[in-house]
Amino acid sequence: MKKKFSLLVLLASLMLVLAACGFGGSDDKSDGDKSSGGDNSADKTLNLSIATEPPSLNPQKATDSTSGSIIRNTFEGLTRVDNKGEIQNAAAEEVKVSDDKLTYTFKLRDAKWTNGDPVVAGDFAYAWKWALDPKNASEYASILYPIKGAQVYNEGKGKVEDLGIKVVDDKTLEVTLENPTPYFLELTAFYTYMPVNEKVVKDNKNWFSEAGDKYVTNGPFTLDEWKHNDSITLKKNEDYWDKDNVALSTVNVKMIESSATANREFDSGNLDYLGSPYNVISLDKMNTYKDQGVLKSQPYAAVYEYKLNTTEGPTKNVNIRKALAMSIDREALIKNVLKGSQTPAMADVPVAIAGFENDNNLFEGNNTAEAKKYLEKGLKELGLKDASELKIAISINTDEGHASIAQFIQEGWKKNLRIETTIDNAEWQVYLDKVSALDYQVGRMGWIADYNDAYSFLERYDTAKNGNNDTGWENKEYKDLMTKAVKETDEEKRMEYLKDGQKILMDEMPVIPIYFYSNEYVAKDYVKNMAPDKLGNISLKEVDIEK
Amino acid sequence: MIKFILKRLMYIVAALFVIVTLTFFLMRIAPGSPFASEKSLPPEIEAALQEEYGLDNPWYIQYKDYLVSTAQFDFGESMKYKGRSTNDMIAESFPISLTLGIEAMILAVGLGVLVGVVTALYHNKFPDYLGTTIAVLGISVPSFILAGLLQYFVGLKWQLLPISGWNGFIYSIMPAFAIAVTHMGFIAKLVRSSMLEQNSSEYVKMARAKGLGKWTTVFKHTLRNALLPVVTYLGPLFAGVITGSFIVEQIFAIPGLGKYFVTSITNRDYTVIMGTTVFYSIILLFAVLIVDIIYGFIDPRINLKGGKK
């Protein structure tokens, strides 16, 4: 018996030995020595966090803002958008636009990849063609569709030779567009448009899955270390063409999924910044930071909306749709539920979009009397006597925040219109399928602009078939206006078409805008020049630390 | 003995087959697709994605592929984390969960047995009430509450331990404690009740009558028998804690395996679902086997001839 017990003891001690080796600390210590032992006199380190492991650090495969927040700082496109929202030349030194606004000629500056290769026009062409090749199944390839021939090629019908991408020489890239696209130079700053080193990508299919020699970049920072699910370390790229204007030497990005934990790390001084895309302020801390006077806010080109199924049920009736839209007290919702500085939305294009600052008044947001008139009209058309006969279901994806908003709106519709509403929820992947299959009545959705232009929002409703429409609504006049806007070279006229389109959209109300997002953030006071632009991106190149 | 183990290994293979089959069909039945995203994809691209992961094949081909890949322990590339293989993801995160789990287990067993013995020895006296209260609190306070409280007070207010992360032993103390407390309470209750049972048995009375001291009796005689139910509990507990806890890992931002069990399902990341399920099943089945073998060692009444009577 004693022997057997000693066996148990042996087992236990073995476990202890095992336990001693898995803490992952040794790696880090040597790393700490490196940064503190370095003789860099101005060692400026910024500590950030992101909520999840970035799903992909390949610019052509990324689809989300978390991946984007790393890629935007390790890679550099032809242009870049600074923290004020201004477009700057980046990899391109000079951009020439033809008179018909269809041909863009980019002259590249002398820049280097982190492996020493020069950045050439071919790298851009290769990256774009790679993304558009249907075989590679790039999920964000559609953002390249303004390029001539891109859509047909991506849909498997066209040929790669017909693409409007031409490498004139190593330093010159000529791009022909399908239509005049006034925001094209903003698109070239987007990550799908960023170059990749052709040789590296061809040699290794999974070059982007680990940090190290294979992860070759051309941006202001290099990916120094990537501990999956744990942290990412960015270091200043010493070969970057504009390195004199990069202040930070190191950026540590921890992955912290729980926003409560991230808030505690910020409070204890281990994080320097909190706000999308570098984690978010948890709702319960919003008031605390507000009271301390440290909460800052930027407008965000994004809309939170309730889509309506216009193919069946009570929401098929336009008057019912309008009644629902008009009887939501958006201001109370923002004050009591959201607690941030969001803007009540009475239009679908956010006020943060250039040219649409004064268009947020296309219907009355909280007008019960008017809403009741529409409701009565709608009920008559449906052959119903009383609003209580209407049954409306709100569908949301499972999330505490969406549930609180839905409950607030449910309460409002019951109080103001006496309409009974139910709320059902589903997990995200299931919910997305459900909404696109029109298997819902009222469904919540959010839309964040990829580029600062109203077309990003309005384009979704051009036809019922558009994958982002999800309402079954279409309107010939609206479609014509969108087509005209796309072809128009005169900026003023184009704007008019878009505005007219939005009026039709809000008159027919296939979608109820609820509010325009705002980007709330807090930063330690020694962090300078760090704020999200209207699209929610932060360029770390300009950020500085003054302790 | 060897016959017993071989027989059990065969059962394990059969159980794995059933688990893989069930998981496969449950995944098929569950609505939602791994490629659904907020911005819709052109149908051509979606088709290409399906093809890349073999999801365009009829179900029986996919089922065969899954069986083959499971037999080879190669679960393929994650559908959510591009370019990352499921095997790598498990291989990177498992040692962390293992370390944390073992630490939690040592805490749970050590403290649990201690509290159990003390409460049994001082039956219906103050230490019993105190120990039982601690045990019941440990069982009933959910780990996320405890983790949150620990993080707030010990980490943020008193700045004694790091709030989150995984950079050395000091980072593991709070999460290990948060995982251990529930199990500790459970083990304490188990030990207490079986100690009480043993205390009234004749061999204990005999030992005491011979003049052996209270504690000597406990260590030499009672505890050995009282630990049997604990050993039974240890198998599943071991499999459970070393594969990580979703909640505790989330709160303390630990790059462990636990989160994949939950996030792979919400992402409909089929390859990772299959990988984690098979991995967990193997650990659980072997833990139970090992417990049965250990059982034979510490309790001579049990023989391992494998069901022959």
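This one's a predicted model, so the numbers in the text were calculated from it and none came from an experiment.

Engineer: Is there a simple way to explain the overall build of chain B in this structure?
Structural biologist: When helices and strands are counted, chain B shows 13 helices and 0 strands. Traced from its N-terminal end to its C-terminal end, chain B shows the element sequence α-α-α-α-α-α-α-α-α-α-α-α-α. Expressed as a percentage of the 309 residues in chain B, the buried residues total 41%. Long-range contacts, defined here as pairs at least 24 residues apart, represent 72% of the contacts in chain B between residues at least 6 apart.

Engineer: Sorry if this is basic, but what is going on with the pairing of strand β15 (residues 420–426) of chain A here?
Structural biologist: Across a regular strand the side chains alternate sides, sitting on one face of the sheet and then on the other. All names here are of chain A. The sheet contact formed by strand β14 (residues 391–397) and β15 spans 7 bridges and is parallel. Looking at β15, one finds that serine 395 is bridged to aspartate 424. With helix α13 (residues 400–417) bridging β14 and its parallel neighbour β15, the resulting β-α-β unit is right-handed.

Engineer: Got a minute to help me understand the interface of chain A and chain B in this structure?
Structural biologist: By a widespread convention, an interface's size corresponds to the accessible area lost as its parts come together. In this complex, chain A contributes 52 residues to the contact, which on the side of chain B involves 51 residues. Residue classes in the side of chain A that touches chain B are distributed as 15 nonpolar, 21 polar and 16 charged.

Engineer: Which parts of the structure should I look at to understand the sheet that holds strand β4 (residues 92–97) of chain A?
Structural biologist: Sheet strands line up and pair through hydrogen bonds in the backbone, either parallel or antiparallel. All names here are of chain A. With antiparallel pairing, 4 strands are arranged side by side in an open sheet as β4-β5-β7-β6. Bordering the open sheet on either side are β4 and β6 (165–169), each of which pairs with just one other strand. Ignoring which end each strand starts from, the neighbouring axes of this sheet average 20° apart. Note that strand β5 (residues 103–108) and strand β7 (residues 172–176) share 5 bridges and pair antiparallel. Residue pairing in the sheet places tyrosine 104 in a bridge with valine 175 of β7.

Engineer: Please explain the packing of helix α4 (residues 86–121) of chain B against helix α13 (residues 270–298) of chain B as it appears in this structure.
Structural biologist: Residues and elements named next belong to chain B. Here α4 crosses α13 at 45°, and the two axes come no closer than 9 Å. Relative to α13, the element α4 lies oblique. Taken as a pair, α4 and α13 cross one another with a handedness that is right-handed. Seen from α4, the contacting residues are Thr86, Met89 and Ile90; seen from α13, they are Thr271, Val272, Gly275, Thr276 and Phe279.

Engineer: Any chance you could explain the nonpolar core here in plain terms?
Structural biologist: A general trend in soluble globular proteins is that nonpolar side chains are found buried together. Counting 218 residues, the largest nonpolar core has A:Leu274, B:Ala178, B:Ile187 and B:Val191 as the members making the most contacts within it. At 17 residues, α4(B) tops the list of elements feeding residues into this core. Other than its neighbours up to four places away in sequence, B:Ala178 contacts B:Ser143, B:Leu146, B:Ala147, B:Leu150 and B:Val248.

What counts and what doesn't
Residues numbered from 1 in each chain as written. Chains lettered and ligands numbered in written order. Predicted model: local features only at pLDDT ≥ 70, side-chain atom pairs only at ≥ 80, totals over all residues. Helix = DSSP H or I, 4+ residues; strand = E, 2+ residues; numbered from the N terminus. Buried ≥ 20, exposed ≤ 12 C-beta atoms within 10 Å, placed from the backbone. Contact = placed C-beta atoms within 7 Å. Pairing = 2+ DSSP bridges. Right-handed = clockwise from strand over helix to strand, strands pointing away. Nonpolar A, V, L, I, M, F, W, Y, C, P; charged D, E, K, R; others polar. Axes fitted to C-alpha atoms, helices over the stretch in contact; angles between N-to-C directions. Parallel < 35°, antiparallel > 145°, perpendicular 65-115°, else oblique. Left-handed = near helix turned anticlockwise from the far one by under 90°. Core = buried A, V, L, I, M, F, W, Y, C linked by C-beta atoms within 7 Å.

Structural measurements only, silent on function.
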